[in-house]
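Okay, here's what each chain looks like letter by letter:
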Protein chains: 2
Amino acid sequence: MSAQSEFDREIALDAADGEPGTYRGQLGEGWRIGGGINGGLLLALAGHALRRELGETSADGIPGHSDPMAISAYYLTPGVPGAVTVRTDTVRRGRAVSTGQASLVQEDETGREVERVRVLATYGDLAAVDGDATTTATPPQLPDPEACVSAAQAPPQFLKHATLLERLDLRLDPATTGWAVGKPSGNGVIRGWFRMADGREPDPLLLLLAVDALPPVAFELGLPGWTPTLELTAHVRCRPAPGWLRVNLTSRTLSGGYLEEDAEVWDSEGRLVALSRQLARATSPRR
Amino acid sequence: MSAQSEFDREIALDAADGEPGTYRGQLGEGWRIGGGINGGLLLALAGHALRRELGETSADGIPGHSDPMAISAYYLTPGVPGAVTVRTDTVRRGRAVSTGQASLVQEDETGREVERVRVLATYGDLAAVDGDATTTATPPQLPDPEACVSAAQAPPQFLKHATLLERLDLRLDPATTGWAVGKPSGNGVIRGWFRMADGREPDPLLLLLAVDALPPVAFELGLPGWTPTLELTAHVRCRPAPGWLRVNLTSRTLSGGYLEEDAEVWDSEGRLVALSRQLARATSPRR
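Along every chain, residues carry numbers that run from 1 in the direction the sequence is written. In the order they appear in the text, chains get letters beginning with A and ligands get numbers beginning with 1. Since the coordinates come from a predicted model, pLDDT governs what is reported: local features require at least 70, and pairs of side-chain atoms require 80 or more to be given and counted, while whole-chain, interface and lining totals use all residues. Side-chain measures here rest on the full set of heavy atoms in the structure, leaving out hydrogens and waters.

Chain A is annotated in an unreviewed UniProt entry as Acyl-CoA thioesterase from Pedococcus cremeus.

*Asks:* Got a minute to help me understand the side chain of Glu115(A) in this structure?
*Replies:* Residue and element names in this part refer to chain A. Per the convention used, a helix needs a DSSP run of H or I reaching at least four residues, while a strand needs a run of E reaching at least two, with both numbered from the N terminus. Position of glutamate 115 among the secondary structure elements: in strand β8 (residues 113–124). Exposure categories follow from relative accessible area, calculated using a 1.4 Å probe and restricted to protein chains: below 20% of the type maximum is buried, above 50% is exposed, and the middle band is partly exposed. Judged by its relative accessible area of 16%, glutamate 115 falls in the buried class. Throughout this description, a polar contact denotes any pair of N or O atoms lying within 3.5 Å of each other; where both atoms belong to protein, one of them has to be capable of donating a hydrogen while the other can accept it, and for residues adjacent in sequence the pair is counted only when both atoms sit in side chains. Polar contacts involving the side chain of glutamate 115 include one to the side chain of serine 103, which spans 2.9 Å. At a separation of 2.6 Å, a polar atom in the side chain of glutamate 115 contacts the side chain of arginine 118.

*Asks:* Hey, could you run me through helix α2 (residues 39–54) of chain B in this one?
*Replies:* Residue pairs spaced three or four apart in an α-helix point in one direction, given the helix's 3.6 residues per turn. Residues and elements named next belong to chain B. Any helix carries an expected span of 1.5 Å times its number of residues minus one. Its 16 residues give α2 an end-to-end C-alpha distance of 22 Å, which sits within 8% of 22 Å, the value for a rise of 1.5 Å per residue. With 15 of its 16 residues buried, α2 lies for the most part within the structure. You can read the cap of α2 off the contacts: a side-chain oxygen lies 2.9 Å from the backbone nitrogen of glycine 40, and it is on asparagine 38.

*Asks:* Where do I start with the relation of the copies chain B and chain A in this structure?
*Replies:* One copy of the chain maps onto the other through a rotation about an axis followed by a shift along the same axis. When the copies are superposed, the least-squares fit takes in the C-alpha atoms of residues with a pLDDT of at least 70 in both. When chain B is fitted onto chain A, the two copies agree to an RMSD of 0.0 Å after a turn of 180° and an axial shift of 0.0 Å. Taken together, the rotation angle and the small translation identify this as a two-fold axis. Comparing interface residues between copies, 100% of those in chain B also sit at the interface in chain A, which points to an isologous, same-surface contact. Throughout, a contact is declared for two residues whenever any of their heavy atoms are within 4.5 Å.

*Asks:* Is there a simple way to explain empty space enclosed by the protein in this structure?
*Replies:* The definitions used throughout rest on a 1 Å grid laid over the protein atoms alone, on which a cavity is an enclosed set of points accommodating a 1.4 Å probe that cannot get out and a pocket is an open set flanked by protein within 12 Å on both sides along at least five of seven lines; lining residues are those having an atom within 4 Å of a point. Grid points are joined across faces, edges and corners, and a volume is the space filled by probe spheres set on the points. Counted according to the given criterion, the structure contains three cavities of 30 Å³ or more. Considering only enclosed or pocket space, the largest cavity measures out at about 90 Å³ in volume. Surrounding the largest cavity, Glu231(A), Thr233(A), Ala234(A), His235(A), Leu275(A), Ser276(A), Arg277(A), Glu231(B), Thr233(B), His235(B), Leu275(B) and Arg277(B) form its lining. Where the lining of the largest cavity is concerned, the elements lending two or more residues are β13 (229–236) and β17 (272–281) of chain A together with β13 (229–236) and β17 (272–281) of chain B. If you tally residues by element for the lining of the largest cavity, the top one is β13(A), at four residues.

*Asks:* Sorry if this is basic, but what is going on with the interface of chain B and chain A here?
*Replies:* Buried accessible area, meaning the area lost when the parts come together, often serves as the stated size of an interface. With 47 residues of chain B in contact, the opposing surface of chain A contributes 47 residues. Here the quantity called buried area is the total loss of accessible area, with a 1.4 Å probe, experienced by two parts when brought into contact, counted for both. Interface area for chain B against chain A, summed over the two sides, is near 4200 Å², with a carbon-plus-sulfur share of 56%. Sorting the residues of chain B by area buried against chain A places Tyr74(B), Arg237(B) and Arg252(B) first, and these three jointly supply 18% of that buried surface. Criterion for a salt bridge: a side-chain nitrogen of Lys or Arg within 4 Å of a carboxyl oxygen of Asp or Glu. Joining chain B to chain A, the criterion identifies four salt bridges. For the salt bridge of Glu260(A) with Arg237(B), the shortest nitrogen-to-oxygen distance reads 2.9 Å. Summed over the shared surface of chain B and chain A, the result is 29 residue pairs in polar contact (both at pLDDT 80 or more).

*Asks:* In this structure, what is going on with the environment of Asp67(A)? I would like to understand it.
*Replies:* Residues and elements named next belong to chain A. As for its placement among the helices and strands, aspartate 67 is situated in strand β5 (residues 67–75). With a relative accessible area of 2%, aspartate 67 lands in the buried category. Linking aspartate 67 and arginine 195, residues 128 residues apart in sequence, is a C-alpha distance of 20 Å. At a separation of 2.9 Å, a polar atom in the side chain of aspartate 67 contacts the side chain of arginine 239.

Shown next, in the form of structure tokens:
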């Protein structure tokens, strides 16, 4: 993993002196989307802290667990650029898997600590999982990346609030980008190719960004407003191969002002590498 | 809600004297499945404690939130019959939603405290949600309950470890019960009607049981062993109408010894009232 990649620099953490399980980082300006820092990036940051915490061999010699198998984030307040602290706590160390908790906090302008995200996760070791899976799922059918729509072609009023898109090379299936020209299909599907603009290859932590980095599927349901995430849970099913990822977003039900967004992520070898579901709030369009 | 129902007696909690946010209950023998107390019942118990905690009007006059909109449980060790303590913690009180955490613990035979489940959840108020939803989802097509297979007809070696089934009136679609006669379809689908045997009507807490109360979908994939849940997240989308629920379980991918199980719950008015996904471990059959 290159320490020079934009993603790795953004999720870099220093262990806090004298505070076991506490890590400090810095959120940059380049990962904004809508009203705050992208939720997938915050999840990857918390996921990195938990890898540090749960990945080490325990005092009684049990090997650590480095891969997030299931991770749930409850979003409390929007993250903003600046210093960030992640406090982790080991809930249970086991032989096959370990469970931990993380709390991501920032200080407001008065120096008061405000929690951004609370996370629970179970980590394991996906090194042994070769992706030899029994599955009835099929990868999304997409035109070649060259025939897809680059996210950089999104409307300027959207890009203004979306510095995140400069970090990514997103190519959306034109069949799912009607929203960009004011003609959402209403189908509740957005799919596309995903990779980092600087070539950083995927691994389990990057998958935590990938599940929440496309334009919200709500756009294609005719809801062009900000859709803040209340909760997102991701399952990483195997370590991804290098190369393009394919991401398929779907939503089926909007009720009481809330909708679910399901993401599937497929790697370049055609394996289903991650699944996620989030509950998001549909809001009025921002002008 | 009748305090006399088996379910309400099982999730009954007393506030612990002098320990704010702590509740004590008692797990009975009648909710066993496989190696421990049913995971959905434990989720409902934690969900009840969080309703007590988050449902009260706050000191500064913000109305409480009584309905679990998103709830995630990380299962650590199997629950057993006996005394149980649920410690809750308010993570954030908001106007629209509030977030809380719960830890469900029991004492082992030496008096040492062992954590069973760690839970995060966001609660809101579903009273205003009339289920007038925009959805492309369709309820499962099932034969009438009379034409379905009662779970009481399951093999004796299964029922022996499944006192839970005596609490439920489950009627499974015969097209999805090949596993019961040694001929699993391999389709990864189990669906059926669900209600409580004593007539207790559904509400959001009962939905937390309903998402994890059918035979595991792994059975229909030809995996007859115990499939312990690592993590389960449920979204309650509206309050269910009285009467039968329909539950549809699906699984698509088994990889590295783990599979996901998705549940959809539909009420008697044809509304999608809950969605859940769990990550479970496939084990060797128990003889």
